[in-house]
Amino acid sequence: MSVRFRLARVLGLRTRLREQAQDTVQESAAALAAAGERIDAARAVQDSVRAAEDASAATGIRGADLARSRAYEASLALEEAALVAAQARLAEDLERCRAVLIERRREERQLERLRERAEERNRVAGERAAAVLLDDLARRKPCA
């Protein structure tokens, strides 16, 4: 005696929403990791520019070249600052996505518990109906 869980569609929808939230968390984590790599690359370029400037300073550098090098270094610093700000936004986005994922999982788990309770009630009702049937059969059996 199987009775269909009335909230099965809702549970299916909640499961799909949770899976979407998991995908979003994974995408956000990947974007955050990529932002970290871009920051590391920008810092490496800055270090190489500084090293080239130091090497040129040892042999002598013209003022215009020094000014150009410093302007380039300043632009790299601005780029790094923008990347750090973007990384902070991505980190906040990741935390928000994780919070949504936790909430979706909580809602899904609540529906799973309701389904389990409904299945248990149906099982008990089926056992009770079987017991009543057996009692009725036992009472109808003619005595010899």
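Just so it is clear, the structure is predicted and the values come from calculations on it, not from any experiment.

**Some thoughts on the overall build of the protein**
At step 1: Along the protein, the regular secondary structure elements total 2 helices and 0 strands.
At step 2: Radius of gyration (C-alpha) of the protein: 33 Å, far over the 15 Å computed for a compact globule of 144 residues.
At step 3: In terms of principal-axis extent, the alpha carbons of the protein reach across some 125 × 20 × 15 Å.
At step 4: Buried residues in the protein amount to 19% of all 144 residues.
At step 5: Across the protein, the fraction of contacts at a sequence separation of at least 24, relative to all contacts at a separation of at least 6, is 86%.
At step 6: When the accessible surface of the protein is summed, it comes to about 10600 Å², and 56% of that surface belongs to carbon and sulfur atoms.
At step 7: Computing the positive centroid from 28 side-chain charges and the negative centroid from 25, the protein places the two 11 Å apart.

**Points about the side chain of E73**
At step 1: Note that E73 resides in helix α2 (residues 63–140).
At step 2: Given the relative accessible area of 15%, E73 is considered buried.

**Description of the pattern of salt bridges**
At step 1: With the rule as written, the count across this model stands at 19 salt bridges.
At step 2: Salt-bridge contacts for R68 lead to D65; the nearest nitrogen and oxygen are separated by 2.3 Å. Here R68 pairs with D65, and both are found in helix α2, just 3 residues apart, close to one helical turn.
At step 3: The structure contains a network of salt bridges with shared partners spanning R18, R105, E108, R109, E112 and E116.

**Brief notes about the nonpolar core**
At step 1: Of all hydrophobic cores here, the largest spans 6 residues; its members are A21, V25, L32, L94, C97 and L101.
At step 2: Looking at this core, the elements that each hand over two or more residues are α1 (8–59) and α2.
At step 3: Setting aside residues up to four positions removed in sequence, L94 forms contacts with V25, S28, A29 and L32.

**A few points about α1**
At step 1: In this model α1 runs 77 Å from its N-terminal to its C-terminal C-alpha over 52 residues, within 8% of the 76 Å that 1.5 Å per residue would give.
At step 2: One or two positions beyond α1, positive phi appears at G60, with a value near 105°.

**Comments concerning the packing of α1 against α2**
At step 1: Packing of α1 against α2 leaves a shortest axis separation of 7 Å and a crossing angle of 165°. When the axes of α1 and α2 are compared, the pair comes out roughly antiparallel. The handedness of the crossing between α1 and α2 comes out as left-handed.

**Description of the side chain of E53**
At step 1: Relative to the helices and strands, E53 resides in helix α1.
At step 2: A residue is classified by how much of its surface remains accessible, and E53, at 10% relative accessible area, is buried.
At step 3: When near neighbours in sequence (up to four residues on either side) are disregarded, E53 contacts L66, S69, R70 and E73.

Rules used in this analysis
Residues numbered from 1 in each chain as written. Predicted model: local features only at pLDDT ≥ 70, side-chain atom pairs only at ≥ 80, totals over all residues. Heavy atoms only, no water. Helix = DSSP H or I, 4+ residues; strand = E, 2+ residues; numbered from the N terminus. Rg over C-alpha atoms; globule rule 2.2 N^0.38 Å. Buried < 20%, exposed > 50% of the residue type's maximum accessible area, 1.4 Å probe, protein only. Contact = heavy atoms within 4.5 Å. Areas by Shrake-Rupley, 256 points an atom, 1.4 Å probe, with all protein chains shown as cover. Lys, Arg positive; Asp, Glu negative; His and termini not counted. Charge placed at Lys NZ, Arg CZ, Asp CG, Glu CD. Salt bridge = Lys/Arg side-chain N within 4 Å of Asp/Glu carboxyl O. Core = buried A, V, L, I, M, F, W, Y, C linked by side-chain atoms within 4.5 Å. Expected span 1.5 Å × (residues − 1). Axes fitted to C-alpha atoms, helices over the stretch in contact; angles between N-to-C directions. Parallel < 35°, antiparallel > 145°, perpendicular 65-115°, else oblique. Left-handed = near helix turned anticlockwise from the far one by under 90°.

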